[in-house]
Amino acid sequence: MAALPVLALVLLLAVSGGPGAAGQKRKEMVLSEKVSQLMEWASKRSVIRMNGDKFRRLVKAPPRNYSVIVMFTALQPHRQCVVCKQADEEYQILANSWRYSSAFTNKIFFAMVDFDEGSDVFQMLNMNSAPTFINFPAKGKPKRGDTYELQVRGFAAEQLARWVADRTDVNIRVIRPPNYAGPLMLGLLLAVIGGLVYLRGSNLDFLYNKTGWAFAALCFVLAMTSGQMWNHIRGPPYAHKNPHTGQVNYIHGSSQAQFVAETHIVLLFNGGVTLGMVLLHEAATSDMDVGKRKIMCIAGIGLVVLFFSWLLSVFRSKYHGYPYRFVGF
C-alpha cells in the first residue's frame, strides 16, 4: 500500500513530461510575457525607456530570444550633454525606421537608459561615459564588437544601422523625415539672384567681378579641405566632455576620426594662413606707399607663422610621434 503514492507520483510526472518539461514550459511562458510586453511598448514608442528594474528583467535576465539595442545616455538639461541630444535624434530616426518598416518583427528592440532614471544600471555595467550604444544579443553576453565605437564611426543613423546589421543580421533602411531647409535656401538664393538681376537691369558687371568669384571659390575650398564632407557622411559629435574631469576636447586624439568643432578650428587656421598670403601678395604688388606695404607685409608674415604653427600642433596631436613643429607650438 505504501508504494501506491510513489507510483501515482511517477505516473503524474510521466504524464506531465517530468520536471524538465515543466521548467521549459515556465520559461516559454516568461519569454512570451516579455515579448508581449516589449511589443506593447514598441507599438507606442519606438525607443523603449527603461529604468533599472525593467533593464534587469527584460534585457539582462534570461530567457531571451530577441536582441536589444540600448542607448545609455544623459538627456536631462542639468547634465549639459549636447552630444547626447544629437545622438538621441539619430537614434530615434533609426528606431522609427525599424518600427514603421514592413520587415518589423520582435527579433530586435530599441531601448534607452537615462542616467537619472537608471544610475544603478550604469554602476552595474561599470559605465562612466554617455552616450554609449550596446547590443545585448539574443544568446549569451555582449562581446567586444557589441559596443558601438562612437568616437570612430559617429552617431549618424546610417552608421548605426550598419552596425546593427553586422551584430544582429537585421537590415534597417533608414528613412529620414523630410527636410525642407535645402529647397528653401535654394529658393531664397534664386530669389536674391533674380532680384539683383531685376534691379540692376542692363548693368550686370557685378557678375564679372573676379574678386567676388575668387572669394566664393576660396570659401568653398576652405570648407571642403577642413573636413565638412566627412562630418556630413559620418555625423560625428561636436565635441567630447570627459565625465570625470569635465574637460571638453575639441580635437579628436586619433587620426581616424574628428569632431565637428575640429573642422571649424581647422577652417579658421586655414583661413588665417590664406589671409596672410593675400596680405603678402598685396604688399608686393600694390601701389600703396611704402609704410602701408611694410605693415601689410609684417601682418601677413605674422598670420602665416601663427596659424601655420597652430595647424602643425593640431596635426601633431592627432599623429602622435610626428617630429616636426614650427616656432615651438
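The preceding data block contains the structure.
Residues numbered from 1 in each chain as written. Predicted model: local features only at pLDDT ≥ 70, side-chain atom pairs only at ≥ 80, totals over all residues. Heavy atoms only, no water.

Things to note about the pairing of strand β4 (residues 132-136)
When you tally the buried positions in β4, you get five out of five residues, the bulk of the element. Residues Thr132, Ile134 and Phe136 of β4 are buried on one face, and the alternating residues Phe133 and Asn135, pointing to the opposite face, are buried as well. Summarising the sheet, strand β2 (residues 67-73) and β4 pair through five bridges and their orientation is antiparallel. Its bridge partner being in β4, Met71 is matched across the sheet by Phe133. (Buried < 20%, exposed > 50% of the residue type's maximum accessible area, 1.4 Å probe, protein only. Helix = DSSP H or I, 4+ residues; strand = E, 2+ residues; numbered from the N terminus. Pairing = 2+ DSSP bridges.)

So, the pattern of salt bridges
In this structure the tally under the stated criterion is nine salt bridges. Taking the shortest distance from any N to any O, the salt bridge between Arg49 and Glu117 comes out at 2.9 Å. You can see Arg49 sitting in strand β1 (residues 47-49) and its partner Glu117 sitting in the loop between β3 (108-114) and α5 (119-124), a full 68 residues away along the chain. The closest approach of N and O atoms between Arg176 and Glu90, which form a salt bridge, is 2.6 Å. Of the two residues, Arg176 sits in the loop between α7 (157-168) and α8 (181-200) while Glu90 sits in helix α4 (residues 82-99), which places them 86 residues apart along the sequence. Relative accessible area serves as the criterion here: at 14%, Glu90 is assigned to the buried category. Among the charged side chains, a network of salt bridges with common partners joins Asp53, Arg56 and Asp120. (Salt bridge = Lys/Arg side-chain N within 4 Å of Asp/Glu carboxyl O.)

Digging into the pairing of β2
Within β2, seven of the seven residues are buried, which leaves the element mostly enclosed by the surrounding structure. With burial as the criterion, each face of β2 is covered, one bearing Ser67, Ile69, Met71 and Thr73 and the other bearing Val68, Val70 and Phe72. In the sheet, β2 pairs with β3 via seven bridges, with the strands oriented parallel. Counterpart to Met71 in the pairing with β3 is Met112. Following the backbone out of β2, through α4 and into the adjacent parallel β3, one traces a crossover that is right-handed. (Right-handed = clockwise from strand over helix to strand, strands pointing away.)

Notes on the state of the cysteines
Here the structure, examined in full by the defined rule, presents one disulfide. Two residues share a disulfide in this structure: Cys81 and Cys84, whose sulfurs sit 2.1 Å from each other. On the S-S bond that ties Cys81 to Cys84, the torsion sits near 70°, and the link is right-handed. For Cys81, a relative accessible area of 16% translates into the label buried. In this structure Cys84 comes out as buried when scored by relative accessible area, which is 0%. (Disulfide = S-S within 2.5 Å.)

Some details on the packing of aromatic side chains
Taken as a whole and assessed by the stated rule, the structure comprises 14 aromatic pairs. Between the aromatic rings of Tyr91 and Phe133, the centroid separation amounts to 5.3 Å while the plane-to-plane angle is 55°, which identifies the pairing as tilted. Note that Tyr91 is positioned in helix α4 and Phe133 in strand β4, a separation of 42 residues in sequence. With centroids separated by 6.0 Å and ring planes inclined at 55°, the aromatic side chains of Phe269 and Phe307 adopt a geometry described as tilted. Of the two residues, Phe269 is situated in helix α11 (residues 260-285) and Phe307 in helix α12 (residues 290-318); the sequence distance between them amounts to 38 residues. For the pair Phe269 and Phe307, a shared accessibility class is recorded, and that class is buried. Through a chain of ring-to-ring contacts, three or more aromatic side chains come together here, namely Phe55, Phe72, Phe115, Phe122 and Phe136. (Phe/Tyr/Trp six-rings, centres within 6.5 Å; stacked < 30°, edge-to-face > 60°.)

Some details on the sheet that holds β2
Within a sheet, each strand pairs with its neighbour through backbone hydrogen bonds, oriented either parallel or antiparallel. Pairing is mixed in the open sheet, where four strands are placed in the order β1-β3-β2-β4. Edge positions in the open sheet fall to β1 and β4, since each of these has one partner strand only. Going across the sheet, the axis of each strand differs from the next one's by a mean of 30°, ignoring polarity. Pairing of β1 with β3 involves three bridges; the strand directions are parallel. Following the sheet pairing, Ile48 is matched in β3 by Ala111. (Axes fitted to C-alpha atoms, helices over the stretch in contact; angles between N-to-C directions.)

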